[in-house]
Amino acid sequence: MELRELGRRPGSMQELDRTVPAPADWRLELIGVPEGAPVHLHLRLESVMEGVLVSGDIEVPVEGQCARCLEPVHDTLGLDVQELYAYPGSTTEATSEEDEVRLVEGERIDLEPMVRDTVVLALPLSPTCTDDCAGLCSGCGQRVDDLPADHSHELVDPRWAGLAGRLTTGAVTDRPDDPEEN
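Being a predicted model, the structure only gives us computed values, none of them experimental.

## Details of the overall build of the chain
So, step 1. A tally of regular secondary structure across the chain gives 3 helices and 6 strands.
So, step 2. Secondary structure elements of the chain occur, N-terminal to C-terminal, as β-β-β-β-β-α-β-α-α.
So, step 3. Of all 182 residues assigned to the chain, the portion counted as buried reaches 29%.
So, step 4. When contacts within the chain are restricted to residue pairs at least 6 apart in sequence, those whose partners lie at least 24 apart make up 56%.
So, step 5. Accessible surface, the chain: about 12,300 Å² in total, of which carbon and sulfur atoms supply 48%.

Here's what the structure looks like:
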């Protein structure tokens, strides 16, 4: 972003309303911004004593997979942003760690790392298709939300599994010569 129009006069302001395509790497394991998706930036750049204050909002579409039921997830993130780009040699630059502050480089600022960090940090680690998604049935693997309310599976206590297997495979016959019987 060029800063020639903004200048270094504290109090001067410039509006930025732009839509740019998203790069490929804005994602987590289950959700992310599709490559080339429109990223809408509505930002205000203000010249302050220490640098350029960038504030405003970002709107970006996200796509992924529900962490509970594996259905597709489509949403739009609306994010607020505020970041100071410090002038080289300013007090802010001198008193901050190298990776804590973004810098004005000549008459330019690079907005992409700030937007990327804002978007990726806002992505949910475990996205869900709905807030109350019940996930998958542990017995049959189908979506619980798609199953009838009375859906259930007969669960056998593992301590009784051997006995349950004998009773369901056929009738028990008398064994007269079994020493354990009497």
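And the narrative resumes.
## What about the pattern of salt bridges?
So, step 1. Taken as a whole and assessed by the stated rule, the structure comprises 7 salt bridges.
So, step 2. Between Glu46 and Arg44 there is a salt bridge whose closest N-O contact spans 3.2 Å.
So, step 3. Residue classification places Arg44 among the partly exposed residues on the basis of a relative accessible area of 34%.
So, step 4. Salt bridges linked by common partners bring Glu83, Arg102, Glu112, Arg116 and Asp117 together as one network.

## Comments concerning unusual backbone geometry
So, step 1. Its identity is not glycine, yet Leu70 carries a phi of approximately 70°, on the positive side.
So, step 2. As for its placement among the helices and strands, Leu70 is situated in the loop between β4 (51-65) and β5 (72-86).

## Remarks on helix α2 (residues 112-122)
Each turn of an α-helix holds 3.6 residues, which means side chains three or four residues apart point in the same direction.
So, step 1. Turning to α2, its buried residues are Pro113, Met114, Val115, Thr118 and Val119.
So, step 2. Where the residues of α2 are buried, they touch β3 (38-48), β4, β5 and β6 (102-103).

## A look at the confidence of the model for the chain
So, step 1. For the chain, the mean per-residue pLDDT works out to 83, and 81% of the residues sit at or above 70.
So, step 2. For the chain, the element scoring lowest by mean pLDDT is helix α1 (residues 91-95), at 67; strand β2 (residues 31-32) scores highest, at 96.

## Topic: the layout of surface pockets
So, step 1. Counted as a void, the largest pocket has a volume near 230 Å³.
So, step 2. If you go around the largest pocket, you meet 15 residues; those closest to its centre are Val20, Leu41, Asp110, Leu111 and Glu112.
So, step 3. Residue assignment for the lining of the largest pocket shows that the elements contributing at least two residues are β1 (13-21), β3 and α2.
So, step 4. A per-element tally of the lining of the largest pocket places β1 first, with 4 residues.

## Examining the state of the cysteines
So, step 1. Inspection of the entire model under this criterion finds 0 disulfides.
So, step 2. Cys69 takes part in no disulfide bond, and the closest cysteine sulfur, belonging to Cys129, lies 3.6 Å away.
So, step 3. Its relative accessible area of 4% is what places Cys69 among the buried residues.

## A word on the environment of Leu123
So, step 1. Secondary-structure assignment places Leu123 in the loop between α2 and α3 (161-169).
So, step 2. Here Leu123 falls in the buried class, since its relative accessible area comes to 5%.
So, step 3. For the pair formed by Leu123 and Val62, sequence separation is 61 residues and the distance between their alpha carbons is 8.5 Å.
So, step 4. Every residue in contact with Leu123, bar those within four places of it in the chain, is listed here: Trp26, Arg27, Leu28, Ile31, Gly32, Val62 and Leu77.

## What to know about the pairing of β5
So, step 1. Note: β4 against β5, 15 bridges, orientation antiparallel. Its bridge partner being in β5, Pro61 is matched across the sheet by Thr76.
So, step 2. Hairpin geometry of β4 and β5 is characterised by an intervening segment of 6 residues between the two adjacent antiparallel strands and by a positive phi of about 70° at Leu70.
So, step 3. The pairing of β5 with β6 spans 2 bridges and is parallel. Along β6, the bridge assignment pairs Ala86 with Leu103.

About the cut-offs
- Residues numbered from 1 in each chain as written.
- Predicted model: local features only at pLDDT ≥ 70, side-chain atom pairs only at ≥ 80, totals over all residues.
- Heavy atoms only, no water.
- Helix = DSSP H or I, 4+ residues; strand = E, 2+ residues; numbered from the N terminus.
- Buried < 20%, exposed > 50% of the residue type's maximum accessible area, 1.4 Å probe, protein only.
- Contact = heavy atoms within 4.5 Å.
- Areas by Shrake-Rupley, 256 points an atom, 1.4 Å probe, with all protein chains shown as cover.
- Salt bridge = Lys/Arg side-chain N within 4 Å of Asp/Glu carboxyl O.
- pLDDT = per-residue confidence, 0-100.
- 1 Å grid on protein atoms, 1.4 Å probe; cavity = no way out; pocket = protein on both sides within 12 Å on 5 of 7 lines; lining within 4 Å.
- Points joined across faces, edges and corners; volume = space filled by probe spheres on them.
- Disulfide = S-S within 2.5 Å.
- Pairing = 2+ DSSP bridges.

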